[in-house]
Each structure stands twice: as structure tokens, then as C-alpha cells.
Amino acid sequence: MSAVDTVAASIPEAAKDLRLNLQAVLTGESTLSPVQRWGVAIAAAIAVRNPQLRDAVVADATGQVERAVVEDAAAAAALMGMNNVYYRFRHMVGKPAYGELPARLRMNRLVKPATSKVDFELVCLAVSAINGCEACIRAHEKAVVDGGLAEAQVNDAVRIAAVIQGAAVALEAAGAT
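Residues numbered from 1 in each chain as written. Predicted model: local features only at pLDDT ≥ 70, side-chain atom pairs only at ≥ 80, totals over all residues. Heavy atoms only, no water.

> Is there a simple way to explain the environment of P51 in this structure?
Following the sequence through the fold, P51 ends up in helix α4 (residues 51–62). Each C-alpha atom, one on P51 and one on A168, is 9.4 Å from the other, the two residues being 117 residues apart in sequence. (Helix = DSSP H or I, 4+ residues; strand = E, 2+ residues; numbered from the N terminus.)

Printed below as a string of C-alpha cells:
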């Protein structure tokens, strides 16, 4: 039994669909490479701030991908934690003046990831979907499509992020009941 299976077993019966979806997105049919799948899953698990789920996803990924994938996923989750707040504010406030001001936020890892640039952008897209930043979602979606990924791959990445988010909520609910 994998670490994620062990965590998924604690998802309550009322959220059985999430338990099944979690297994499907991590082990089932996908248009994503293992590096893309696990990179997205790790970053999503970090972004949803559930240590139990995060540790399980990282444990299962460790045997599947190189350490650089884990490190890039963690970097992407952290950078999007910052960028999604900042750029979501600029987008939501709707004043052109904010768009003219320099962000002055360091994002070197985004330019030079340890793994593939397009895979890093895909991971950033998934985290941006969790964090609800339309401006970042649009920018990263464009980058991955321009980088050669298909819309089906984008869809699979966001599906993983959505399931990880839902699983984290279900695990939180299990603790409350």
C-alpha cells in the first residue's frame, strides 16, 4: 500500500469519490509524464497546506522521480504562494496604475528551474488554479501551450490540483467529525 493510499483510507465514506479520484489521478491513465504528474501533485499538496497529504505524496513520488522534481515543485508552490497574492490583487483591483508599478519580486527559479522550464510552468499553473489567480493561470497556460504541451495535458494537471485540494478538504472534514 502506498503512502497516499494510506492517507486516502482516512477520507470519510461521505467523500469516497475523492478517495477514488486521488488514486486515479496519481496512478491512472494520463497525458502527463511521471515527472509532470508528480511535480504537479507535490506542488498541489504543498499549496493546500495539509502536512499529512504533502508527506504522503512526496513519499510516493520519491521512488518515481528525481529529487530535482521535488525541489522544483516546492519552489513553484512557494513562488506561486507569493505571486498569486500579488498578481491576483493587481488583477482584482482593476486599476491600471498598479500594473505600471514594478513588482520587485524575485522569481529566479521560474526562469531557471532545476528541471524543464515547461514542466515548471505547468506546476505553477496547477498551483495558480488552487490559489485562484486568473492572471497567473492565463500567463502559465499560455507558457505551457506555447512550450508545446497540449490542452489535454493542461486539463490533467489542473484535475490533479483539484483532486488534491478536494482530498485536503475531505481530510480536514474527517478531523472535524
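> I would appreciate a short explanation of the packing of helix α3 (residues 34–47) against helix α5 (residues 67–93) in the present structure.
Two numbers describe a pair of packed helices, the interaxial angle and the distance between the axes. Between α3 and α5, the shortest axis-to-axis distance is 8 Å and the interhelical angle comes to 40°. Classified by the interaxial angle, the pair formed by α3 and α5 is oblique. In the packing of α3 onto α5, the handedness of the crossing is right-handed. Of the residues in α5, those in contact with V35, G39, I42, A43, I46 and A47 of α3 are V69, V70, A73, A74 and A77. Broken down by class, the residue content of the contact of α3 with α5 amounts to 10 nonpolar, one polar and no charged. (Axes fitted to C-alpha atoms, helices over the stretch in contact; angles between N-to-C directions. Parallel < 35°, antiparallel > 145°, perpendicular 65-115°, else oblique. Left-handed = near helix turned anticlockwise from the far one by under 90°. Contact = heavy atoms within 4.5 Å. Nonpolar A, V, L, I, M, F, W, Y, C, P; charged D, E, K, R; others polar.)

> I keep staring at the nonpolar core and nothing clicks. Help me out?
Nonpolar side chains tend toward joint burial in soluble globular proteins. Membership of the largest hydrophobic core comes to 52 residues, with the highest contact counts inside it found for L22, L53, V57, L122 and I164. Among the elements of the structure, α1 (3–8), α2 (16–27), α3, α4, α5, α8 (117–131) and α10 (151–176) are those that each provide at least two residues to this core. In terms of residues, this core owes the most to one element, α10, which gives 10 residues. If near-sequence neighbours (up to four positions away) are discounted, I164 is found in contact with L22, A41, A44, A45, V48, L53 and V57. (Core = buried A, V, L, I, M, F, W, Y, C linked by side-chain atoms within 4.5 Å. Buried < 20%, exposed > 50% of the residue type's maximum accessible area, 1.4 Å probe, protein only.)

> Would you explain α5 in this entry?
Structural remark: α-helix, 3.6 residues per turn; residues separated by three or four positions point the same way. In this model, α5 (27 residues) spans 39 Å end to end at C-alpha, consistent with the 39 Å of a helix rising 1.5 Å per residue. When the local axis directions of α5 are compared, the greatest deviation, roughly 25°, occurs at N83. One or two residues past the end of α5 sits G94, with phi positive at roughly 70°. (Expected span 1.5 Å × (residues − 1). Bend = angle between axes of the 7 residues up to and from the residue.)

All quantities given are derived from atomic positions and should not be read as evidence of function.
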